Amino acid sequence: MNIVHAMLDGLEQAKVLDRIADPLAAVVARAVKPRTIRNVLSGTAIGHHLHPMLIVVPSGAWSMGSFLDLTGGKDSRKAADILVIVGILSAVPTAVAGLHDWSDTQKEERRVGIVHAAGNSLALTLYTASAVARAKDRRALGVLLGLGGLGAMLFSAFLGGHLSYANGVNVNRTAWHEAPTDWTRVASDADVVEGGRHTVRTNGVPILLLRHEGKLTAMDSVCNHLGGPLEEGTIEDGCITCPWHQSMFRLDDGKNYRGPAAVPQPVYETRVTADGFIELRQPAS
Ligand code: FES
């Protein structure tokens with residue numbers, strides 16, 4: 001095991017972090033519970049996760065600010081100072097969206113996530129101190145503090161990448177699911193009763209069949225947010241609610257009515273044959 005893997009493994013197994021992370025995550029989860037807040041912070045409202053979009057503003061502003069500090073002459077000082085302030089202002093909504101996402105994680109991801117947040121908080125603190133030093137004309141100190149902030153931000157970005165690419169946080173859990181493109185028989189129509197749940201598997205894709213108010217739905221049963229079991233979800237207002245973090249998907253088209261799921265849930269075309277069997281297929285894209 002190399003030193004990077006050892007460090008990441010140590011963080012993931014550091015149960016001592018749970019003492020801070022678990023109560024904090026519970027507070028954040030309560031604060032983001034209203035549907036409107038959920039939909040904005042998760043990116044449901046725009047159809048894309050918000051946090052990874054916002055990250056580019058503070059990281060770009062701060063890294064370019066430090067780049068100008070090191071390579072620009074006197075003429076670029078004002079631009080560097082502005083970039084530091086842009087980074088500070090944009091770091092706040094970025095952190096809020098990140099806290100929202102983090103509150104849905106568990107165990108290893110939650111531990112790495114809280115260190116990721118601590119690194120970003122340190123970067124914000126150092127860049128704020130840098131801005132103050134610059135305003136007081138203590139340029140050398142301001143540049144030095146900025147470089148410290150850049151280091152903290154890069155370490156934190158490394159952990160953020162680990163969360164996404166290694167731990168799979170916010171990766172669409174249905175991204176590789178494809179039902180057959182031809183009509184495929186999957187169940188007897190008599191097995192799918194009003195209000196019941198019937199799970200089948202075709203092409204390796206687990207599919208939830210259900211009948212609500214007489215209408216048949218075939219929906220991917222793995223919640224695209226973090227993999228929750230939709231067959232255990234509750235149905236109301238024409239939507240199914242995931243039991244893990246309460247994402248709501250419309251039964252007729254899979255649209256995500258409530259986050260944290262940022263993308264719609266796959267729904268498949270169905271038909272009932274004359275001899276009483278349900279067939280489904282991947283909708284034509
Ligand atoms: S797994 Fe999070 S809402 Fe379904």
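Residues numbered from 1 in each chain as written. Predicted model: local features only at pLDDT ≥ 70, side-chain atom pairs only at ≥ 80, totals over all residues. Heavy atoms only, no water.

I would appreciate a short explanation of the overall build of the chain in the present structure.
When you go through the chain residue by residue, the secondary structure sums to eight helices and ten strands. The principal-axis extents of the C-alpha atoms in the chain amount to approximately 85 × 40 × 35 Å. Across the 285 residues that make up the chain, the buried fraction comes to 44%. Within the chain, contacts between residues separated by at least 24 positions form 58% of all contacts whose residues are at least 6 apart in sequence. (Helix = DSSP H or I, 4+ residues; strand = E, 2+ residues; numbered from the N terminus. Buried < 20%, exposed > 50% of the residue type's maximum accessible area, 1.4 Å probe, protein only. Contact = heavy atoms within 4.5 Å.)

Honestly, the domain arrangement of the chain in this entry has me stumped. Any pointers?
Accessible area lost upon the coming together of the parts is a frequently used measure of interface size. Taken domain by domain, the chain comprises domain 1 (3-166) and domain 2 (184-281). In this assembly, twelve residues from domain 1 lie in contact with eleven residues from domain 2. Summed over both sides, the interface between domain 1 and domain 2 buries roughly 910 Å², with carbon and sulfur atoms accounting for 50% of that surface. Together, Arg35, Thr44 and Asp104 form the three largest contributors to the area buried by domain 1 at its contact with domain 2, with a combined 52%. Joining domain 1 to domain 2, the criterion identifies zero salt bridges. Across the domain 1-domain 2 interface, the total number found is six residue pairs in polar contact (both at pLDDT 80 or more). Here the side of domain 1 that touches domain 2 is composed, by residue class, of no nonpolar, eight polar and four charged. (Domains from an automatic or database assignment. Buried area = accessible area lost by both parts, 1.4 Å probe. Salt bridge = Lys/Arg side-chain N within 4 Å of Asp/Glu carboxyl O. Polar contact = N/O pair within 3.5 Å; in protein donor to acceptor, adjacent residues only side chain to side chain. Nonpolar A, V, L, I, M, F, W, Y, C, P; charged D, E, K, R; others polar.)

Explain a nonpolar patch on the surface here, please?
Where nonpolar side chains cluster on the molecular surface, the patch consists of Ile3, Val4, Met7, Phe155 and Phe158 and spans about 440 Å² of accessible area. Every element with two or more residues in the nonpolar patch is listed here: helix 1 (3-12) and helix 8 (139-166). If you tally residues by element for the nonpolar patch, the top one is helix 1, at three residues. With respect to the secondary-structure elements, Val4 resides in helix 1. Among the residues examined, Val4 registers a relative accessible area of 36% and is labelled partly exposed. (Patch = residues over 30% accessible without salt bridge, like charges linked within 9 Å, V, L, I, M, F, W, Y side chains within 5 Å. Areas by Shrake-Rupley, 256 points an atom, 1.4 Å probe, with all protein chains shown as cover.)

Any chance you could explain the sheet that holds strand 5 (residues 234-236) here in plain terms?
Hydrogen bonds between backbone atoms are what pair the strands of a sheet, whose relative direction is either parallel or antiparallel. If you trace the four strands from one edge of the open sheet to the other, you get 5-6-7-8, paired in antiparallel fashion. On the outer flanks of this sheet lie strand 5 and strand 8 (256-258), each paired with one strand and no other. The mean inter-strand angle of the sheet, taken between neighbouring strand axes irrespective of direction, is 30 degrees. Pairing of strand 5 with strand 6 (residues 239-241) involves three bridges; the strand directions are antiparallel. Paired with Ile235 across the bridge in strand 6 is Ile240. (Pairing = 2+ DSSP bridges. Axes fitted to C-alpha atoms, helices over the stretch in contact; angles between N-to-C directions.)

Explain the packing of aromatic side chains to me, please; I cannot follow it from the model alone.
What describes a pair of aromatic rings is the distance from one ring centre to the other and the angle between the planes of the rings. All chains considered together, the criterion is met by one aromatic pair. A centroid spacing of 4.4 Å and a plane angle of 5 degrees characterise the contact between Trp62 and Tyr127, whose relative ring orientation is stacked. On the criterion of sequence distance, the pair formed by Trp62 in helix 5 (residues 56-71) and Tyr127 in helix 7 (residues 107-135) is long-range, its members being 65 residues apart. For the residue pair Trp62 and Tyr127, the accessibility class agrees, reading buried in each case. Sitting over the ring of Tyr257, Arg35 keeps its end group 3.7 Å from the ring centre. (Phe/Tyr/Trp six-rings, centres within 6.5 Å; stacked < 30°, edge-to-face > 60°. Lys NZ or Arg CZ within 6 Å of the ring centre and 35° of its normal.)

Any chance you could explain the packing of helix 5 against helix 6 (residues 77-102) here in plain terms?
As a packed pair, helix 5 and helix 6 sit with axes 7 Å apart at the nearest point and diverge in direction by 160 degrees. As summarised for this structure, helix 5 and helix 6 are arranged roughly antiparallel, according to the angle between their axes. Handedness of the helix 5/helix 6 crossing: left-handed. The segment helix 5 lies against helix 6, with Val57, Pro58, Ala61, Trp62, Met64, Gly65, Leu68 and Asp69 engaging Ala79, Ala80, Leu83, Val84, Val86, Gly87, Ile88, Ser90, Ala91 and Thr94. The class makeup of the residues in the contact of helix 5 with helix 6 is 13 nonpolar, four polar and one charged. (Parallel < 35°, antiparallel > 145°, perpendicular 65-115°, else oblique. Left-handed = near helix turned anticlockwise from the far one by under 90°.)

I tried to follow the pattern of salt bridges on my own but got confused; where do I start?
Pairing between side chains of opposite charge can happen when the charged atoms of each approach one another. Tallying each qualifying case throughout the model produces 14 salt bridges. The closest approach of N and O atoms between Asp69 and Arg134, which form a salt bridge, is 2.5 Å. Placement of the pair is Asp69 in helix 5 and Arg134 in helix 7, with a sequence separation of 65 residues. Assigned by exposure class, Asp69 and Arg134 land together as buried. Taken together, the salt bridges that share partners define one network made up of Asp69, Asp81, Arg134 and Arg139.

Is there a simple way to think about the nonpolar core in this case?
Across soluble globular proteins, nonpolar side chains show a tendency to be buried alongside one another. One finds Val186, Ile207, Leu209, Tyr268 and Leu280 to be the most contacted residues of the largest nonpolar core, which totals 13 residues. Contributions of two or more residues to this core are made by strand 1 (184-188), strand 3 (205-212), strand 4 (215-220) and strand 10 (277-281). Of all the elements, strand 3 adds the most residues to this core, at three residues. Residues within four places of Tyr268 in sequence aside, it is in contact with His177, Ala179, Val205, Ile207, Ala218, Met219, Asp220, Leu280, Arg281, Gln282 and Pro283. (Core = buried A, V, L, I, M, F, W, Y, C linked by side-chain atoms within 4.5 Å.)

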